[in-house]
Amino acid sequence: MGERYENMKTKAVRIYGTNDLRLEEFELPAIKDDEILAHVISDSICMSSHKAAIQGPNHKRVPDDVAENPVIIGHEFCGEIVEVGAKWADQFKPGDKFAIQPAMNYKGSLAAPGYSYQYIGGDATYVIIPHEVMETGCLLSYKGDAFFYGSLAEPMSCIVGGYHANYHTTAGSYVHDMGIVEGGNCAILAGAGPMGLGAIDYAIHCDRKPALVVVTDLDTARLARAAQILSPEEAAKNGVKLLYVNTSEYEDPDAYLMSLTDGKGYNDVFVYAPVKPVVEMGDRLLARDGCLNFFAGPTKTDFSAMFNFYNVHYSATHICGTSGGNTADMIESITMMETGKLNPAAMITHVGGLNSVIDTTMNLPKIPGGKKLVYTNKDMPMVAIADFAELGKTDKFYADLDAIVSANNGLWCLEAEKYVLENAKNI
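What counts, and at which threshold
Residues numbered from 1 in each chain as written. Predicted model: local features only at pLDDT ≥ 70, side-chain atom pairs only at ≥ 80, totals over all residues. Heavy atoms only, no water. Core = buried A, V, L, I, M, F, W, Y, C linked by side-chain atoms within 4.5 Å. Buried < 20%, exposed > 50% of the residue type's maximum accessible area, 1.4 Å probe, protein only. Helix = DSSP H or I, 4+ residues; strand = E, 2+ residues; numbered from the N terminus. Contact = heavy atoms within 4.5 Å. Pairing = 2+ DSSP bridges. Axes fitted to C-alpha atoms, helices over the stretch in contact; angles between N-to-C directions. Disulfide = S-S within 2.5 Å. Arc of directions from axis to C-beta. Parallel < 35°, antiparallel > 145°, perpendicular 65-115°, else oblique. Left-handed = near helix turned anticlockwise from the far one by under 90°. Nonpolar A, V, L, I, M, F, W, Y, C, P; charged D, E, K, R; others polar. Salt bridge = Lys/Arg side-chain N within 4 Å of Asp/Glu carboxyl O. Polar contact = N/O pair within 3.5 Å; in protein donor to acceptor, adjacent residues only side chain to side chain.

Participant: Where do I start with the nonpolar core in this structure?
Facilitator: Across soluble globular proteins, nonpolar side chains have a tendency to be buried as a group. Core analysis: the largest hydrophobic core is formed by 67 residues, its most contacted members being F148, I159, Y163, I188, Y202, L401 and W412. By residue number, the principal contributor to this core is helix α3 (residues 147–165), which donates ten residues. Leave out the neighbours within four places in its chain, and I159 touches M195, G198, A199, Y202, Y272, F295 and M347. Formed by 29 residues, the second largest nonpolar core is a distinct cluster that contains M8, A12, V40 and M104.

Quick look at the structure:
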């Protein structure tokens, strides 16, 4: 079991109620024999945390009594195990790196780390991992060098889950063939954003590759940046033809996109923005037996779009959607990151410390860019990577960080993480 830790203090951001987040220091109890003490190093902030913060106890996963028993927020975290209770001593040991699948579904409960527990959540320095996380197989081993990849395993698993959730019919039977069509045509609409980049990365490096991947967006700069990070040349090395298309440049974008498939259409269409015209375009692009995956979660409960039911009846077109990935998806994400097949660093656009969590979480929809990465033991403002150069004119810390990421195609990386862990002010 190793060393016993008594009177361990943690600093954490906790929910007390609707729009009530507080950064506090408090003492953790000694762990029980079926618990694990862990040191959190990184967390990435999810829109789900914003929803939990503004809804408080009205959120399905947040307990009714948070005013008396506040819970720690954050569920996309990675760290190191510090102390292991006797029950788990043969499976885990101090020093092991870990990631967590928050959607445990323990005995049918919605309770999850980052929403429901007093002593575990990603926006903390130290946490106690309760027995149900281990019992459900949701404490996952992570052997990568960079902690931030472990924090991206959960959002990446959502992307992986989307690919696995797509389905197609089997001729002559009613059995569905799960997953995208291998060697087929795949479109990722509104796909040049951070999550879309993850979807492109997975498409060209997974074990069930499409032959054609077409990525659309309306922003020329975003498309150019996507092509720089995930190039058609890299895709071609993996047997995938990758095309980036700005649909605003075409008088008839449907006709152009269909021409790329010789008029056959797309077997799999992923919609990465909850926008009615994008959904409807996706419907029009479907091939026979095509599957439209509505990936982007809308904020409006009455969001709807037109869908061609003539094609549903006669061409077997269909639709699916997922909200999150499962444990197998997360393990696949971790394995692909550990082996260098996936690099979701492009998702990260901002980096900060634990002190920046409250403002960032509360204002998340208003902050442009992608994932906001938090180093939970550090005191840093939440800063866009794109702003490092300007800040670096007067601050050596950001000048050094800018030099590191600039040498890495503008992406966050292991060297940048090490620099922060070694040089940023402790919280």
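Let us keep going from here.
Participant: Mind showing me how you'd approach the sheet that holds strand β14 (residues 266–271) here?
Facilitator: Strand-to-strand pairing in sheets goes through backbone hydrogen bonds, with the strands running parallel or antiparallel. Overall, parallel pairing links the six strands, which are arranged β13-β12-β11-β14-β15-β16 in an open sheet. Across the chains shown, the open sheet's two edge strands, defined by having one partner strand only, are β13 (241–246) and β16 (318–320). For this sheet, the mean angle separating the axes of adjacent strands, direction not counted, is 20°. As paired elements, strand β12 (residues 212–217) and β13 share six bridges and run parallel to each other. Within the sheet, the bridge partner assigned to V213 lies in β13 and is L242. Helix-sheet contacts for helix α5 (residues 220–229) involve β12 and β13, and the interaxial angle to β13 is about 165°. Against the sheet, helix α8 (residues 276–285) makes contact with β11 (185–189), β14 and β15 (286–294), and its axis sits at roughly 155° relative to β15, the strand it touches most.

Participant: Quick question: what am I supposed to make of the state of the cysteines here?
Facilitator: Throughout this description, disulfide means a covalent bond between two cysteine sulfur atoms. For the structure shown, the criterion picks out zero disulfides. Between C138, a free cysteine, and C158, which holds the nearest cysteine sulfur, the sulfur-to-sulfur gap is 14 Å. No disulfide involves C206; its nearest neighbouring cysteine sulfur is the one of C186, lying 9.1 Å away. Owing to a relative accessible area of 4%, C206 belongs among the buried residues under this scheme.

Participant: Would you mind going over helix α1 (residues 47–55) with me for this structure?
Facilitator: Along an α-helix, residues three or four apart share an orientation, since each turn contains 3.6 residues. Taken as a whole, α1 has its buried residues at S49, H50, A52 and A53. Buried positions in α1, seen along its axis, are confined to an arc of 165° and lie on one side of it. Buried-residue contacts for α1 involve β1 (9–17), β2 (20–27) and α11 (357–362). Just downstream of α1 lies G56, where phi reads positive at about 55°.

Participant: Just to check I follow, could you spell out the packing of helix α13 (residues 396–406) against helix α14 (residues 414–423) for this structure?
Facilitator: Packed helix pairs are specified by the crossing angle of their axes together with the interaxial distance, meaning the distance between the axes. The contact between α13 and α14 brings their axes to 9 Å, and the two run at 160°. Comparing their axes, α14 and α13 come out roughly antiparallel. Every pair of crossing elements has a handedness; the one defined by α13 and α14 is right-handed. Every residue of α14 that contacts α13 at K396, F397, D400, L401, I404 and V405 is listed here: E415, A416, Y419, V420 and N423. Grouping the constituent residues of the contact of α13 with α14 by class yields seven nonpolar, one polar and three charged.

Participant: Explain the pattern of salt bridges here, please?
Facilitator: Pairing between side chains becomes possible if they bear opposite charge and their charged atoms approach one another. Within this structure, the stated rule accounts for twelve salt bridges. Among the salt bridges present, the one from K87 reaches E135, with a minimum N-O distance of 3.3 Å. Of the two residues, K87 is situated in the loop between β5 (77–84) and β6 (97–100) and E135 in helix α2 (residues 131–135); the sequence distance between them amounts to 48 residues. Residue classification places K87 among the partly exposed residues on the basis of a relative accessible area of 44%. What makes E135 partly exposed here is its relative accessible area of 38%. Where R208 meets D177, a salt bridge forms, and the shortest distance between an N and an O atom there is 3.4 Å. One end of the pair, R208, is in the loop between α4 (194–205) and β12; the other, D177, is in strand β10 (residues 176–178), with 31 residues separating them in the sequence. The partly exposed category is assigned to R208, whose relative accessible area is 26%.

Participant: It is not clear to me how unusual backbone geometry should be interpreted in this structure. Could you clarify?
Facilitator: What is expected of a backbone is that most residues other than glycine have negative phi and most peptide bonds are trans. Residue K107 is not a glycine yet carries a positive backbone phi of 50°. Tracing the backbone through its elements, the reader meets K107 in the loop between β6 and β7 (126–129). A positive phi angle, close to 60°, is found at A316, a residue other than glycine. Summarising the element assignment, A316 is placed in the loop between α9 (309–315) and β16. When its relative accessible area of 24% is taken as the criterion, A316 is described as partly exposed.

Participant: Got a minute to help me understand the packing of α3 against helix α10 (residues 327–338) in this structure?
Facilitator: Interaxial distance between α3 and α10 falls to 7 Å at its minimum, and their mutual angle equals 120°. One way to sum up the angle between α3 and α10 is to call them oblique. The two elements α3 and α10 cross, and the hand of that crossing is right-handed. Taken together, the residues of α10 that come into contact with α3 (itself represented by Y149, L152, A153, E154, M156, S157, V160, G161 and H164) are D329, M330, E332, S333, I334 and M337. Residues of the contact of α3 with α10, tallied by class, amount to eight nonpolar, four polar and three charged.

Participant: Looking at this structure, how should I read the side chain of K371?
Facilitator: Along the polypeptide, K371 turns up in strand β18 (residues 371–375). On the accessibility criterion, K371 (11% relative accessible area) is buried. A polar side-chain atom of K371 sits 3.3 Å from the main-chain carbonyl oxygen of I45. A distance of 2.8 Å separates a polar atom in the side chain of K371 from a polar atom in the side chain of E76.

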